[in-house]
Amino acid sequence: KVICAVQLGNTHLSRSDLLTAFKTYSNAYNIAVVNPNELLMPPVLHAMANLYKKLGKTEICKNYLFRSLAINKRENDTPGQIEDNIFLAKVSNYVAAKEYLQQAIRLADSVQNVRQKIEAEKILFSYMLLKESPSHMLAWLEEEAELKNVFLNTGPDYMNWMLAEIYLYAGKYDSALYYFKKAENAFSTGYDLISKKNFFSEYAWCLQQLNRRPEAITYYETTVQLAREASDLPGLKSHTAALKELYSKQGDYKQAFYYSTLYDNYKDSADMLSREKDIALLEIENETKQQQRETEVAEQKLRRKYNLQYMLITIIVATASVLRIMVGMFKVSTFTIRLMGFLSLIFLFEFIILVLDKWIHDLTHGEPWKSWLIKIGIIS
């Protein structure tokens, strides 16, 4: 039930129906929270974290991930801890992300989980691209033989693209261009839509930085077409902005105006999506408050019910004690007196245990022998 609800919520999330996704995840949470198996909770917490990540609420996202990590540590679930560290890296700055990913890699090594190790190394590679020098990146790739092997075996010239990225983000545009040219044919004729779009986007940006405007324009136009096919609104916005600037510098104001109009349309669409996210966030906050109010009302009803039961038990215990005293006014058998004494003592003892049970459990951390000794002390 929990996994089904999470997957249904993921479907709503992919359709940008954020409020319905939140309600579905909340249903999964309510099922998981009452189950003694704590490992049902991390998938729900990850789903909630992903929702708040999409809403741009990084701190709330992290709070859910820290809760998941705490559960996975208690349950000694190493793959779960790896997933937590990888997700935390995705919503953290470079220094923190590097620590989380290195921890994920160590944990993956400890259980020989190659898939999770490669996933963590890929994300670490993408972080390091923006911060480390090409010489450092090349040396690191040589050390991480498994990741390098993945790049070499992903497809033709995929490794050349990775080398192009290493030089591109370090500002070594001439070296980057050399590797882009080597990989161009492979990405023109093969690979999936997203990989093609990302490759030609970076290729065009490299040419733009080298002031090779006619070539940059050609590749940006290719990228715009690929972004349309992939429904990549942020990409369309950035690429049309680049084309507007390039055509303007070329003196082709007709094309510059055309792409300026397209940029404005994509910008408006992106702004509208952002406003929709803000509205969805308000709706989610209102839904959360409503759920909290309903929970508080339910807790109050339950507390009132329990208080009435405590009152009834108190009356029964007091009545038993009074009857035991009053029975002396009548001529009764010794057995009756002993029975009354025994019952009133049992009632009183069980009432004391009932009141103190939670305190005893917290004090002994649930250890049976400690609870047993304390209860013997009370009855003695």
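Residues numbered from 1 in each chain as written. Predicted model: local features only at pLDDT ≥ 70, side-chain atom pairs only at ≥ 80, totals over all residues. Heavy atoms only, no water.

What to know about the overall build of the protein
Within the protein, the secondary structure is distributed over 17 helices and 0 strands. The C-alpha radius of gyration of the protein comes to 33 Å, more than 25% above the 21 Å expected for a compact globule of 380 residues. Taking the principal axes of the C-alpha coordinates as reference, the protein spans close to 120 × 45 × 30 Å. Counting over 380 residues, the protein shows a buried share of 37%. Put simply, 54% of the contacts in the protein that link residues at least 6 apart link residues at least 24 apart. Side-chain charges of the protein comprise 45 positive and 43 negative groups, with the mean position of each set lying 7 Å from the other. (Helix = DSSP H or I, 4+ residues; strand = E, 2+ residues; numbered from the N terminus. Rg over C-alpha atoms; globule rule 2.2 N^0.38 Å. Buried < 20%, exposed > 50% of the residue type's maximum accessible area, 1.4 Å probe, protein only. Contact = heavy atoms within 4.5 Å. Lys, Arg positive; Asp, Glu negative; His and termini not counted. Charge placed at Lys NZ, Arg CZ, Asp CG, Glu CD.)

Side note on helix α1 (residues 2–14)
Between its first and last C-alpha, α1 extends 18 Å over 13 residues, near the 18 Å set by a 1.5 Å rise per residue. In this structure, the buried side of α1 is in contact with α2 (18–33) and α3 (41–54). (Expected span 1.5 Å × (residues − 1).)

Some details on a nonpolar patch on the surface
Residues L312, I316, F335, L339, F342, L343, I346 and F347 make up a contiguous nonpolar surface patch of about 730 Å² in total accessible area. Per-element accounting of the nonpolar patch gives the leading share, 6 residues, to helix α16 (residues 334–364). Its place among the elements puts L343 in helix α16. In this structure L343 comes out as partly exposed when scored by relative accessible area, which is 34%. (Patch = residues over 30% accessible without salt bridge, like charges linked within 9 Å, V, L, I, M, F, W, Y side chains within 5 Å. Areas by Shrake-Rupley, 256 points an atom, 1.4 Å probe, with all protein chains shown as cover. Salt bridge = Lys/Arg side-chain N within 4 Å of Asp/Glu carboxyl O.)

Some thoughts on unusual backbone geometry
Of note, the phi angle at Y191 is positive, near 75°, even though the residue is not glycine. Structurally, the position occupied by Y191 is in the loop between α11 (173–189) and α12 (193–209). Overall, Y191 belongs to the partly exposed group, its relative accessible area being 25%. For S231, which is not glycine, the phi torsion reads 55° and is therefore positive. Structurally, the position occupied by S231 is in the loop between α13 (213–229) and α14 (233–250).

A closer look at the pattern of salt bridges
Using the criterion set out here, one finds 13 salt bridges in the structure. Note that K117 and E146 form a salt bridge whose closest N and O atoms lie 3.1 Å from each other. Placement of K117 in helix α7 (residues 114–129) and of E146 in helix α9 (residues 145–154) is noted, with a sequence separation of 29 residues between them. On the basis of relative accessibility, which here comes to 12%, the residue K117 falls in the buried class. Overlapping salt bridges bring together E83, R115 and E119 as one network.

So, α3
Spanning 14 residues, α3 covers 20 Å between terminal C-alpha atoms, matching the ideal 20 Å at 1.5 Å per step. Most of α3 is tucked away: 10 of the 14 residues are buried. Here α3 has its buried residues at M41, P42, V44, L45, H46, A47, M48, A49, L51 and Y52.

A closer look at the packing of aromatic side chains
Scanning the model with the defined rule gives 22 aromatic pairs in all. Considering the side-chain rings of Y158 and Y191, the 6.2 Å spacing of their centres and the 35° angle between planes classify their relative orientation as tilted. Pair noted here: Y158 is in helix α10 (residues 158–168) and Y191 is in the loop between α11 and α12, with a separation of 33 residues, a long-range link. Centroid distance Y169 to W205: 5.9 Å. Interplanar angle 40°. Geometry classified as tilted. Of this pair, Y169 sits in the loop between α10 and α11 while W205 sits in helix α12, and the two are 36 residues apart along the sequence. Looking at Y169, the relative accessible area reads 30%, which means it is partly exposed. Overall, W205 belongs to the partly exposed group, its relative accessible area being 30%. In this structure an aromatic cluster arises from ring pairing among F125, W140, F151, Y158, W161, F180, F187, Y191, F199, F200, Y203 and Y219. (Phe/Tyr/Trp six-rings, centres within 6.5 Å; stacked < 30°, edge-to-face > 60°.)

Quick word on the environment of A242
For A242, the location among the structural elements is in helix α14. For A242, a relative accessible area of 8% puts it in the buried group. Contacts of A242, omitting those with residues within four sequence positions, involve Q208 and Y220.

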